[in-house]
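Here is how the chains run, residue by residue.
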Amino acid sequence: MSAKAERGNLRDLFLDMIATERNASKNTLDAYRRDLDDYEEFLGSKKSDFKKADTQTIRDYLSALAKRELAAASVARKLSAIRQLHRFLYTEGLRGDDPSSVLEGPRRGRPLPKVMTVEEVTKLLAAAHDLAKFDGDTKEAIARRLRALRLAALLELLYASGLRVSELIALPASAARSKSDAIIVRGKGNKERLVPIGDAAKRAMKAYLDARDDGKASGGRWLFPSFGESGHVTRQHVARELKALAASAGIAPGKISPHVLRHAFASHLLQNGADLRVVQALLGHADISTTQIYTHVLDERLKNMVRDLHPLAEK
C-alpha cells in the first residue's frame, strides 16, 4: 500500500469512528475530511504521514496556515480535527504517542452574532408576502407564486422557530399538515426536539402546501422538495433566495442569512423576557455556554431593570 493510500485509510477509519460513535452528520464528516485532506497534503510535501508526524511537523503546518492568512477560527477548527485524529490513532494503538497533545490553538475572541432588528425582520416578511400575492393565472404566474409562497413559508418558519437551516430543509410535508402548535425536529446528533411555532408560520406553511398540492406539484415526503439528489432544497438555495429578498426589501444582502435569522429568533426572545434555558432548549444547544453568546442582549435588559426597578436607582 502506498503512503498516500495508507494515510487515506487511517483518515477513513477515524471518520468511520466519529460517524458511528458520535453519530456525526454528513456535513460534519465532510468538514473533517476536507481539513484532514489539507493536513495530509502538507504531510506528503514533507515526506511524512499520519504515523510519522511529530509535534514540530504540526507546528510547521500551523505556520503554513498562518501564511495563507486563514482566520483564527479556521485554524482552530483544523487543529481540532488533527488533535482528534492523532488521539484516535494513539488510543487505537496505531501509533505510540500523540504529537498534538501539547499544542495550543490560536487565541480568538468570541464574536457577537449578527442580529437583525425586529423592524428589519418585519420588513423582510412583508416583502416575502407581497411577492406571494396572486398576480395572474398563467402557468408562469402560478409557478412564480408557488416559489414566492415557498419563500414566505421558509422565512416565517426560520424566524418563528430558530431552526438550523439543515433542520428546516429536511422537514417532512407532514409538519405543515399537522394541526399541532409544535413540530418535531431532528437536529444535531440525530436528536429530536419539540419546537413550538406560531400562527403566522402555520398559515404560511399551509398556504404554500395548498398551492403546491393544487398545482399537482406534490413533493412526496419533503415540505420543501427539489429535483436535486437530496430530494429537498439545499442550504445554499435558501441563502441565495433570502439575500435576493433582502435586496428587494432595501436591506443589505450581507446582513441576512438563515443563521442570522436563527440569531434574531433567540435575541428577540431574550429582549422580550424569555429565560436563557428556554432559549437553549428551543435552539437545540446541548450546552448552555453555546447559548450564552446572546447574553449581550440580557446584559442590556438587566441594566434597564436595575435602572428602572431598583429602589435606590437614580430617578
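Note that the structure is a prediction, hence the values are computed from the model and not measured.

A. Focus on the packing of aromatic side chains. By the definition in use, this model includes six aromatic pairs. Both rings, one in Tyr 39 and one in Phe 50, keep their centres 5.8 Å apart while their planes meet at 25°; by these two values the pair is stacked. Here Phe 50 lies in the loop between helix H2 (26–45) and helix H3 (55–67) and Tyr 39 lies in helix H2, a separation of eleven residues in the sequence. Side by side, Tyr 39 and Phe 50 carry an identical accessibility label, which is buried. On the basis of an interplanar angle of 55° and a centroid distance of 5.3 Å, the ring pair of Tyr 39 and Tyr 61 is categorised as tilted. With a gap of 22 residues between them, Tyr 39 in helix H2 and Tyr 61 in helix H3 connect regions that are remote in the sequence. Linked through ring pairs, Tyr 39, Phe 42, Phe 50 and Tyr 61 together constitute an aromatic cluster. Note that Arg 221 overlies the ring of Trp 222, its terminal NZ or CZ placed 4.0 Å from the centroid.

B. Molecular detail of the pairing of strand E2 (residues 192–196). Of the two faces of E2, the one holding Arg 193 and Val 195 is buried and the one holding Glu 192, Leu 194 and Pro 196 is not buried anywhere. In terms of strand pairing, strand E1 (residues 182–186) meets E2 through five bridges, oriented antiparallel. Directly across from Val 185, in E2, lies its bridge partner Arg 193. Taken together, E1 and the strand that follows it, E2, pair antiparallel across an intervening segment of five residues, in which Gly 189 is found at a positive phi of about 70°.

C. View of helix H12 (residues 276–283). Of all the positions in H12, only Leu 276, Val 279, Gln 280, Leu 282 and Leu 283 are classed as buried. The arc that holds every buried residue of H12, seen down its axis, measures 165°, which confines them to one face. Structurally, the start of H12 carries an N-cap: the backbone nitrogen of Arg 277 is 2.7 Å from a side-chain oxygen of Asp 275. Positioned one or two residues after H12, Gly 284 has a phi angle of 80°, which is positive.

D. Region of the structure containing the pattern of salt bridges. The full count for this structure, using the stated rule, is 17 salt bridges. For Asp 97, the salt bridge identified is with Arg 95, shortest N-O distance 2.9 Å. By relative accessible area, Asp 97 is classed as partly exposed at 37%. For Arg 95, a relative accessible area of 10% puts it in the buried group. Glu 167 is paired through a salt bridge with Arg 164; the nearest N and O atoms lie 2.6 Å apart. Overlapping salt bridges bring together Asp 35, Asp 38, Arg 68, Arg 77 and Lys 78 as one network.

What counts as what
Residues numbered from 1 in each chain as written. Predicted model: local features only at pLDDT ≥ 70, side-chain atom pairs only at ≥ 80, totals over all residues. Heavy atoms only, no water. Phe/Tyr/Trp six-rings, centres within 6.5 Å; stacked < 30°, edge-to-face > 60°. Helix = DSSP H or I, 4+ residues; strand = E, 2+ residues; numbered from the N terminus. Buried < 20%, exposed > 50% of the residue type's maximum accessible area, 1.4 Å probe, protein only. Lys NZ or Arg CZ within 6 Å of the ring centre and 35° of its normal. Pairing = 2+ DSSP bridges. Arc of directions from axis to C-beta. Polar contact = N/O pair within 3.5 Å; in protein donor to acceptor, adjacent residues only side chain to side chain. Salt bridge = Lys/Arg side-chain N within 4 Å of Asp/Glu carboxyl O.

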